[in-house]
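What follows is each chain in one-letter form.
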Amino acid sequence: MKNHFCLVLHSHIPYVRKAGVWPFGEEWLLEGMLETYVPFIEAFRRIRDRSQKASSSAAAAVTVGITPVLAEQLDDDYFKARFVEYADDRIRRAGEDAARFSRSRQTHLEELARLYERTFKERLEQFKKIGGDIIGEFATLAKSGVIELITSSATHAYLPLLSLDSSIRAQIKTGIESHARLFGEAPAGFWLPECAYRPAYLETTPTGGKRTRKALDDFLRKEGMQYFFVDTHAVEGGATSVYSDASAEVVKPANGSSALKVYRTRSGVKVLVRNREAGRLVWSSEMGYPGDGAYREFHKKDSVSGLQYWRITSKKTDIGAKETYDPVAAVNITRSHATHFKKVIRDIFRHYGDSAFPKAVVAPYDSELYGHWWHEGIDWLEAALGEISSSEVAVSSVSSYLSCVKETSPVDLPETSWGDGGGHYVWLNRETEWMWRIIHECERRMEEILSTGHRRGASKNSGRGLYERALSQAAREKLLLESSDWEFLVTTRQAREYAEKRFLSHYNRFTAIAAMLEKDEISDEDSRTLAASCDADRIFPDINPDNFSTRRR
């Protein structure tokens, strides 16, 4: 029985349009386009071409998740124009570096700068050749079968901590609708942001009564989603936390034992489990491939251009003592690591032994690791997929693998995430509690507006059209407020001040628009405030405010 390797690439950048450039803001997306998304298109094309020449059993397919908030930005003409400016600037910087290194007779650095200059030019040319349509190219690749596209919640919200079912439904439905509009078809799979899952539970209402909160997979099932992912400990045992910064006891779900199996929840949605060993070889700071001394150092940058000319050298080497990067040596190491990875994947299956069901190593990674954080990552990934495809293991999309699975095991999953400790701490702790109080306030306010607003919406001075426009913008601001990125950046202190500022900007815009909607009239000043909000946060053009209502289905 054929075993399967399911590579899952999770692509996500928060909403950064007109919200700062450097060091935090638009450059996050522009870097991702230049270093990850455009080169991935070329890599997937090469994989497709090789697969078409090979036998069907050797064809490779990858599962690619693109969050709706990222997809909307990649499809935005504003960012298409900004990318050309950004790439031209990188080309200029590399050329000026080459001239500077030539004057100082630093031959190797000059060659590196010329390599960067050629690479940036090639990627800009690739971008122009596809008319800047990265989304369209991914859709074409999906139609060819080399990738399977999946979606996520609209703005990568941390779903278990949202207080109202209407908010969860809105995040999921808006995300699926955005995906279908941009890519031309509905997805089969769903990426729960941060692999954060919450089962059904009994909640105490403000009046002291009891009500059942549905499990997250119930929402997915109702929207037609066939599968989602959890971290390893969700089936093999791990720490969970329940709305606090203290980890609960280690638990093991019913019937959970092996990450190589497919499970199903009580609602019938299938669950795929992240493989610990495959993840560790990439993510571990001690044994992960990206830490090899031959690979390019991410953190040391040229003081003039900001480009990177040094290699990691060793984990213990001070940043000032890093040695010059050698791209040829680095490529040779990627091949070595690809061969090693194939052996590890093969050994995982052999260790498990024969079984009556097809097994899979499910390997989810952040897309932006490849090419951006790990400069050689796309080369390694392409080589690894080639190595695995030539073995007894099939490189399969998730849906292709699931089509081979005749039976699935039932499982009751615990409350879980792939954050530190396996619970909610990264997103809910003493430094972020205030953010959740605001989110929950806005959830309640949105429900109240929708429950009473249609009686106000066509007042004699405001008119239905203006009211609906304001309602749609309030929905956008609420979604953007709920992004899990803001709490993550606060907790990890990667960009704390920026995250807090962005969070409060969406809160302030939401509350200003909510105040308009709660009045009988929308004034001229209100209209100007609304216009400014619409210009700043232009996303989800077909957003449906009905998705945010309290209706039961």
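Since the structure is predicted, the reported quantities are computational estimates derived from the model, not experimental observations. Per chain, residue numbering runs from 1 following the sequence as it is written. Given that the model is predicted, a residue must reach a pLDDT of at least 70 before its local features are reported, and side-chain atom pairs must reach 80 or more before they are shown or counted; all residues, however, enter totals for whole chains, interfaces and linings. The basis for the side-chain values is all heavy atoms of the structure; hydrogens and waters are excluded.

Caption draft 1: Quick look at the pattern of salt bridges. Just to be clear on terms, a salt bridge is a Lys or Arg side-chain nitrogen sitting within 4 Å of an Asp or Glu carboxyl oxygen. Evaluated as defined, the whole model comprises 42 salt bridges. D535 is the salt-bridge partner of K18, the closest N and O atoms lying 3.7 Å from each other. A residue pair is termed long-range when its members are at least 10 positions apart, and K18 in the loop between β1 (3-11) and α1 (26-53) and D535 in helix α17 (residues 524-536) qualify at 517 residues. When a residue's accessible area, from a 1.4 Å probe over protein chains only, is under 20% of the maximum for its type it is buried; when over 50% it is exposed; and in between it is partly exposed. What makes D535 partly exposed here is its relative accessible area of 33%. Ionic pairing is found between R46 and E382, a salt bridge with its closest N-O pair at 2.9 Å. Taken together, the positions of R46 in helix α1 and E382 in helix α11 (residues 377-389) put the pair 336 residues apart, joining distant regions of the chain. Secondary structure elements are taken from DSSP: a helix is a run of H or I of four residues or more, a strand is a run of E of two residues or more, and numbering for both begins at the N terminus.

Caption draft 2: Structural context of the sheet that holds strand β11 (residues 270-273). Being paired, for any two strands, means DSSP has found at least two bridges between them. On the basis of which strands lie adjacent, the open sheet formed by 4 strands has the order β7-β11-β10-β14 and mixed pairing. Edge positions in the sheet fall to β7 (227-230) and β14 (409-410), since each of these pairs with one other strand and no more. Direction of pairing for strand β10 (residues 263-264) relative to β14: parallel, over a ladder of 2 bridges. Across the sheet, residue R264 finds its bridge partner in β14, namely P410.

Caption draft 3: Region of interest: the nonpolar core. Judged by nonpolar contacts, the single largest core of 155 residues is most densely connected at F44, F341 and Y370. By residue number, the principal contributor to this core is α1, which donates 12 residues. Leaving out residues up to four positions away in the same chain, F44 has contacts with L9, V62, V64, F138, L141, V146 and I147. Side-chain atoms within 4.5 Å are what join buried Ala, Val, Leu, Ile, Met, Phe, Trp, Tyr and Cys residues into a set we call a nonpolar core. Listed in part, the 17 residues of the second largest apolar core include A188, W191, V262 and V398. Contacts are assigned to residue pairs that have any heavy atoms within 4.5 Å of one another.

Caption draft 4: The arrangement of the packing of α1 against α11 in detail. The N-to-C vectors of α1 and α11 enclose an angle of 20°; their axes lie 10 Å apart at closest approach. When the axis of α1 is compared with that of α11, the two are roughly parallel. As α1 packs across α11, the resulting crossing turns out to be right-handed. Contact residues: α1 offers E35, T36, P39, F40, A43, R46, I47 and R50, while α11 offers I378, L381, E382 and L385. Every axis corresponds to a line fitted to the C-alpha atoms, with the helix fit spanning only the stretch in contact, and the corresponding angles, defined between N-to-C directions, vary from 0 to 180 degrees. For classification purposes, an angle smaller than 35 degrees is called roughly parallel, one larger than 145 roughly antiparallel, one from 65 to 115 roughly perpendicular, and anything else oblique. For any helix crossing, the convention is left-handed if the near helix is rotated counterclockwise from the far helix by under a right angle, and right-handed if that rotation is clockwise.

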